[in-house]
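Geometric and topological summary
Residues per chain, in single letters:
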Amino acid sequence: MSEERALRLPPAYRLVELDSVVSSNEEAKRLAVEGADDGTLVWAKEQTGGKGRQGRVWSSPRGNLFLSVVLRPDCELKQAAQLGFAAALALGDAVGSVAPPLIEITYKWPNDVLANGRKLAGILLEAQGSAEGGVEWLVLGIGANVKSFPREEDLKATSLHFEGCASSVTEADLLESFARHFLSWVNTWLEEGFEPLRRAWMRHAEGKGEMIRVRLPRETLEGRFQDLDAGGHLLLDQGGGSPRAIAVGDVFFDRGED
Ligand code: BTN
């Protein structure tokens, strides 16, 4: 049974609620280009063309959470990617407040949120830089599997309900909690920089110290996942010399299952 109730969001947000949309990120980008304020939050009940990272499709049936926030941070474009970690941490906190403690949340670089080791949520960042090297707008899109998840085994996905969260918990509950925690992480980032986010993320990093493969656009690297650097890059220790800092890529764990 679907629940229709007014959403309770902190006043920093301006809610744009849509029943169905091709992609909330596309809608948020359109609004951003038209001048939408920082904090504009597009929430769609379903997406007919949800987009994942690296051009992938994001399965978007009703019952799951699809949202995109327009942000206008006063920072360099390369720093804006750190807000993806703020979103991942906020989602992890939100799951912690709506779901039982038996759901273990970990973070997979760059911005996936895993529940009991399987993908619960993904984050897609799209930005427009300004002529001065700053940020014109940033759209941070979040998809979280509340009710259902794609069953293809290679996606290693899951949903909140599958992991034992009460079926009375809805995408609206998760959104409300996320919105509060996200404001708090963004404030920490504004006041103290990336370091507290880096530490919190690393405490629950999936695969820290393990051998991993990182697929880049033109090559795949192997090495040990050593750390996150001060900018949010993954530090890959390939033996000998300083670790390689990676800004964009897909991580695979060498657990004999990828
Ligand atoms: C990923 O590949 O892990 C990122 C997935 C991001 C999906 C979300 S759903 C809301 C927003 N709208 C989109 O089209 N994509 C993002």
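Anything mentioned here points back to the structure above.
In this text, all values refer to a predicted model and were calculated from it rather than measured experimentally. (Residues numbered from 1 in each chain as written. Predicted model: local features only at pLDDT ≥ 70, side-chain atom pairs only at ≥ 80, totals over all residues. Heavy atoms only, no water.)

**Examining the site of the ligand**
Stated formally: Any residue with a heavy atom positioned within 4 Å of a molecule or strand is treated as near that molecule or strand. Here a polar contact is taken to be a pair of N or O atoms separated by no more than 3.5 Å, where protein atoms must pair a possible hydrogen donor with a possible acceptor and residues adjacent in sequence count only if both atoms sit in side chains. The Shrake-Rupley method, run with a 1.4 Å probe, gives the accessible areas here. Residue values count only the displayed protein chains as cover. To qualify as a helix, a DSSP run of H or I must reach at least 4 residues; to qualify as a strand, a run of E must reach at least 2; elements of each kind are numbered from the N terminus. As a working rule, the residues Ala, Val, Leu, Ile, Met, Phe, Trp, Tyr, Cys and Pro are called nonpolar, Asp, Glu, Lys and Arg charged, and the rest polar, with Gly in that last group.
In the region of the ligand, 20 residues are neighbours, and Ser23, Gln47, Lys51, Arg53 and Lys119 sit closest. Within the contact set of the ligand, a nitrogen atom lies 3.2 Å away from a side-chain nitrogen or oxygen of Ser24. Burial of the ligand by the surrounding chains reaches 99%, relative to a free accessible area of 420 Å². For the shell around the ligand, the secondary-structure elements that each account for two or more residues are α1 (24–33), β3 (65–71), β6 (118–129) and β7 (135–144). Counting residues per element, the shell around the ligand draws most heavily on β6, at four residues. Looking at the shell around the ligand residue by residue, the class counts come to six nonpolar, 10 polar and four charged.

**Observations regarding helix α5 (residues 195–203)**
Going by this rule: Summary of the burial criterion: residues with accessible area below 20% of their type's maximum are buried, those above 50% are exposed, and those between are partly exposed, where the area comes from a 1.4 Å probe applied to protein chains only. Pairs of residues are marked as contacts when any of their non-hydrogen atoms sit within 4.5 Å.
For α5, every residue scored as buried is listed here: Pro196, Leu197, Arg198, Ala200, Trp201 and Met202. On the buried face of α5, the contacting elements are α3 (82–98), β4 (105–108), α4 (171–192) and β9 (220–228).

**Regarding the sheet that holds β9**
To keep things clear, this is the line we draw: Strands are treated as partners if at least two bridges between them are detected by DSSP. Axes, fitted as lines to C-alpha atoms, cover a helix only where it is in contact. Angles between the N-to-C directions of the axes lie from 0 to 180 degrees.
With respect to topology, five strands assemble into an open sheet ordered β11-β10-β9-β8-β12, the strand pairing being antiparallel. A strand with exactly one partner marks an edge of an open sheet, and here the two such strands are β11 (244–246) and β12 (250–253). Pairs of neighbouring strands in the sheet enclose a mean axial angle of 50 degrees, with direction left out of account. Examined bridge by bridge, β9 and strand β10 (residues 234–237) share four bridges and lie antiparallel to one another. The residue bridging Arg224 from the neighbouring strand is Asp237, located in β10.

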